[in-house]
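So you can see what is in the structure, the chains are spelled out below.
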Amino acid sequence: MIEHPEAVTLAGQITETLAGKKIGSAMRGNSPHKFAFYNRPPEEYASILQGQSVLGSEASGSLILVRVSSGHVVLLGGGGERILYHASAETVPAKHQLLLSFSDGTFLSVKVQGWGSCQLFTPEGLEVYPWYAKRSLEPTDEGFTREYFESLFANLTPDDKRAIKFFLISEPGAWGIGNGYLQDILLAARLHPRYRAVDMTKAQRTALYKAVVQVIQRAIGLKGRTDEHDLFDETGGYARLLSAAAAGQPCPACGKAAILKESFLGGAVYTCPECQPAPPKQDRRTQKTER
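Residues numbered from 1 in each chain as written. Predicted model: local features only at pLDDT ≥ 70, side-chain atom pairs only at ≥ 80, totals over all residues. Heavy atoms only, no water.

Trainee: Quick question: what am I supposed to make of the sheet that holds strand β8 (residues 107–112) here?
Mentor: The strands making up a sheet associate through hydrogen bonds between their backbones, and the pairing can be parallel or antiparallel. A sheet is described by the order of its strands in space; here 4 strands give the open sequence β1-β7-β8-β6, paired in antiparallel fashion. For this open sheet the edge positions go to β1 (23–27) and β6 (81–86), each flanked by a neighbour on one side alone. Neighbour-to-neighbour, the strand axes of this sheet turn through a mean angle of 10°, independent of strand direction. As defined by bridge partners, strand β7 (residues 98–102) adjoins β8 across 4 bridges and the pair is classed as antiparallel. Opposite Leu99, over in β8, you have Ser109 as the bridge partner. Contacts from helix α2 (residues 42–49) reach β1 and β7, with the element oriented near 170° to β1. (Pairing = 2+ DSSP bridges. Helix = DSSP H or I, 4+ residues; strand = E, 2+ residues; numbered from the N terminus. Axes fitted to C-alpha atoms, helices over the stretch in contact; angles between N-to-C directions. Contact = heavy atoms within 4.5 Å.)

In structure tokens:
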């Protein structure tokens, strides 16, 4: 799944590789996909994008915004997508959800794996699109300070049931962080994903803030995770400490306990019982309705 480090990598590569290229044709996918998100019929993608030039791209959380000369924005990312540049037609996939053909004989393809966005907005339409409009600060924003992070906890009431997993990736969330990086962040902060956000001490919140910034910055420097691909189909260099491969293995932090795997809030979580002790059962309210 594309998260902020992968979005930053892809957006930078799109700008470096595609800026100035003229779109000869645009196809809104030749293969139906139930979870490929579109917002216009195929003919509008073709008519709006044909003849336009790519201006550049930027990351917003896990989203990738590709801007073209008409003022429109192609919104990609946010899920599981393979976004690839092709120097010739020979490597273009047989099935795709978006294909931009450039006048110089090169291509950009988008293939959705799981779910993802291939939408085309005006700037005004993008600003009111709920997925984008709800954005908060990314860990790489200048404003993502310790004070800002602390303010996210300010309105919690004693009966707030949100676990730190939900709090960090859903509401209020750190824009661009998903379950992929969450595991390593919580291990670095020595926090269990079931721990209620309202129960955290100031020291724990500080540790969590540092872990968020350090893990995401390191992953950006390594161009994303080793199980994700960039524009040129190369994998990133960030090897996750906690993933399915770590289950049952000694903790990479303490080397003592074996990593546990369990399902929680719609996905798997991996924890070290030594480094990340689970909260007392009386505080472990199931939170089944939080998603």
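The structure having been displayed, the exposition proceeds.
Trainee: Sorry if this is basic, but what is going on with the side chain of Thr106 here?
Mentor: Tracing the backbone shows Thr106 in the loop between β7 and β8. A polar contact of 2.7 Å, which involves the side chain of Thr106, links it to the side chain of Asp104. Excluding its chain neighbours within four sequence positions, the residues that come into contact with Thr106 are Lys21, Tyr85, His86, Ala87, Leu100 and Ser101. (Polar contact = N/O pair within 3.5 Å; in protein donor to acceptor, adjacent residues only side chain to side chain.)

Trainee: Mind showing me how you'd approach the state of the cysteines here?
Mentor: Covalent bonding between the sulfur atoms of two cysteines defines a disulfide. If you walk through the whole model with that rule in mind, you get 0 disulfides. Sulfur of Cys254: no disulfide; nearest cysteine sulfur belongs to Cys272 and is 3.7 Å away. Cysteine Cys275 remains unbridged, with the sulfur of Cys272 as its closest cysteine sulfur at 3.7 Å. (Disulfide = S-S within 2.5 Å.)

Trainee: Looking at this model, I keep getting lost on the side chain of Ser117. Mind explaining?
Mentor: Relative to the helices and strands, Ser117 resides in strand β9 (residues 116–121). With a relative accessible area of 0%, Ser117 lands in the buried category. Excluding residues within four positions of it along the chain, Ser117 makes contact with Phe37, Leu75, Leu76, Gly77, Glu81 and Trp131. (Buried < 20%, exposed > 50% of the residue type's maximum accessible area, 1.4 Å probe, protein only.)

Everything listed here is a matter of geometry and, on its own, says nothing about what the molecule does.
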